[in-house]
Amino acid sequence: MAYEYGHDCPFEAYITNLGKYNEGELVGEWVKFPTTSEDLKKVFERIGIGSKDDFGNPYEEWFISDYDCYVDGLYEMLGEYESLDELNYLAFFKKKPVIFFMKNKLYYTKKAKYFEQSLPVGNGRMGALVFGNLKKERIAINEDSLWSGYPKDNNKKDAYKYLDSARKAVFDKDYRKAEDIINKNMHGVWSDAYLPFGDILINYSKKYSKNYSRTLDLQNGVATVKADNLTETVFVSYPSQLLVINIKSESGVSFCVNFDSQLHHKVETLEDSLVMTGQAPEICQPPYYNKGESIVYGDKGMKFCGVIKVLGNAKFTDSSIVVENQKDVTLLVSMATSFVDFKSMPTADAKQRAFDYFKNIKNYNDLLSEHKTDFSSLFNRVEFTLEGGYDELP
């Protein structure tokens, strides 16, 4: 790692007042690291930490919203350090990063704590985020047609009648009045929201942590998590339209698999499949702007279905998959919704669509080979190189 000694610090962080940020106001300050507790105390005072809002509640929380880094290869790892003490330590000790960069690969030595640190894989229609927790694994999943609402015209037909009064208020520099006129009389309702499909939760019977690594192969679109003698490999295949999760351990591994979702849903076992069905809300609006109900369910919202099948030995309970002491198990996951098109009600059969993706199941090695060939053929169309070297894996 090279350090640009023209700067008086290896990196700076923009520390932001979280309460003010949630109110729509960005109040923060750049801080150079390493720093001292006395200097941080003064920064917190200047950005309002400890002061009170209009209701008498103190602003107590902060977060880091941006970094400016002068150490090669260090910028992408800074988000992993939510502790100011850790940031100070990193500023002093720059030679051993917790993330390394290979050619077309990202390599981490810690599990992801937050959404932004997870490893993304996808095929254009489906996506997954691998957090890499080899005790309580979470793989967040999405499908591109899962939205709130249904086709309808939300335009305000008489909005044009208020344009002159809004303009006059602007020219009179009465911006609050102009904003009120526009919001009340010209804007339509909030647009519908893209929604998370849910989570696949894998609870291992024990924690795997020795010699931990987490890798994203950008060229082949494959995420891999390893620790002890366990390997978890995840990819989303375009040819098969399936999310594939392979779990291997020479000494045998035991775990339980569940579905979960923030949307209304139910999970059940149908023969050799774990099935999650649910429905998106008809209305989904930002709670900080909406005076009524932010989320409203009904019978017109988009329906969705996720299905998990197993290649290998497993047992099914009413709402989970149980694997006991197996050396090689593959989970195949399909996702579908009732979306038809932009102008039609979402009345397609989501469950039938989800099961249809299993019509031509292949073994794991064939699925992986097929996926790599397909994915890399697209990735390798363009090569982009920046000056400088890259680190080999440690």
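For the structure, see preceding data.
The paragraphs below set out a description of the structure included in this document. (Residues numbered from 1 in each chain as written. Predicted model: local features only at pLDDT ≥ 70, side-chain atom pairs only at ≥ 80, totals over all residues. Heavy atoms only, no water.)

Structural notes on the packing of helix H4 (residues 163-171) against helix H5 (residues 175-185)
Reasoning step 1: Contact geometry of H4 with H5 gives a least axis separation of 7 Å together with a crossing angle of 160 degrees. Considering their axes alone, H4 and H5 lie roughly antiparallel with respect to each other. Considering only the axes of H4 and H5, their crossing is left-handed. For the pair H4 and H5, contact is made by Ser165, Ala166, Ala169 and Val170 and by Tyr175, Lys177, Ala178, Ile181 and Ile182, respectively. (Axes fitted to C-alpha atoms, helices over the stretch in contact; angles between N-to-C directions. Helix = DSSP H or I, 4+ residues; strand = E, 2+ residues; numbered from the N terminus. Parallel < 35°, antiparallel > 145°, perpendicular 65-115°, else oblique. Left-handed = near helix turned anticlockwise from the far one by under 90°. Contact = heavy atoms within 4.5 Å.)

Observations concerning the packing of aromatic side chains
Reasoning step 1: Following the criterion strictly, the structure yields nine aromatic pairs and no others.
Reasoning step 2: Centroid distance tyrosine 14 to tryptophan 30: 5.3 Å. Interplanar angle 70 degrees. Geometry classified as edge-to-face. On the criterion of sequence distance, the pair formed by tyrosine 14 in strand E1 (residues 11-17) and tryptophan 30 in strand E2 (residues 28-33) is long-range, its members being 16 residues apart.
Reasoning step 3: Pairwise contacts between aromatic rings join Tyr204, Tyr208 and Phe255 into one cluster.
Reasoning step 4: Above the plane of the ring of tyrosine 108 lies arginine 214, whose end atom (NZ or CZ) is 4.4 Å from the centre.
Reasoning step 5: Note that lysine 309 overlies the ring of phenylalanine 358, its terminal NZ or CZ placed 5.5 Å from the centroid. (Phe/Tyr/Trp six-rings, centres within 6.5 Å; stacked < 30°, edge-to-face > 60°. Lys NZ or Arg CZ within 6 Å of the ring centre and 35° of its normal.)

Here we look at the pattern of salt bridges
Reasoning step 1: Within this structure, the stated rule accounts for 13 salt bridges.
Reasoning step 2: Residues arginine 125 and glutamate 143 are paired through a salt bridge, measuring 3.0 Å at the closest nitrogen-oxygen approach. One end of the pair, arginine 125, is in the loop between strand E6 (119-122) and strand E7 (126-130); the other, glutamate 143, is in strand E8 (residues 136-143), with 18 residues separating them in the sequence. A single burial state applies to arginine 125 and to glutamate 143, both of which are buried.
Reasoning step 3: Residue lysine 359 is joined to aspartate 356 by a salt bridge in which the shortest nitrogen-to-oxygen separation is 3.7 Å.
Reasoning step 4: Take lysine 359: its relative accessible area is 62%, and that puts it in the exposed class. (Salt bridge = Lys/Arg side-chain N within 4 Å of Asp/Glu carboxyl O. Buried < 20%, exposed > 50% of the residue type's maximum accessible area, 1.4 Å probe, protein only.)

A word on helix H2 (residues 37-46)
Reasoning step 1: For H2, the full list of buried residues reads Leu40, Val43 and Phe44. Along the axis of H2, the buried positions cluster into a sector of 100 degrees, meaning they face one direction only. Opposite the packed face of H2, turned more than 90 degrees from it, sit the exposed residues Glu45 and Arg46.
Reasoning step 2: At the C-terminal side of H2, glycine 48 shows a positive phi close to 95 degrees. (Arc of directions from axis to C-beta.)

Quick look at the side chain of serine 294
Reasoning step 1: Mapped onto the elements of the fold, serine 294 is located in the loop between strand E16 (283-284) and strand E17 (295-296).
Reasoning step 2: Of the residues examined, serine 294 reaches a relative accessible area of 17% and is grouped as buried.
Reasoning step 3: Ignoring sequence-local partners within four residues, the contact set of serine 294 consists of Ile283, Cys284, Gln285, Pro286 and Pro287.

As for the pairing of E6
Reasoning step 1: The alternating pattern of E6 places Leu119 and Val121 on a buried face, while none of Pro120 and Gly122, on the opposite face, is buried.
Reasoning step 2: Direction of pairing for E6 relative to E7: antiparallel, over a ladder of four bridges. Considered in E7, the bridge of valine 121 is made with alanine 128.
Reasoning step 3: Counting the residues in the hairpin turn of E6 and E7 gives three residues, including glycine 124, whose phi is positive at 100 degrees. (Pairing = 2+ DSSP bridges.)

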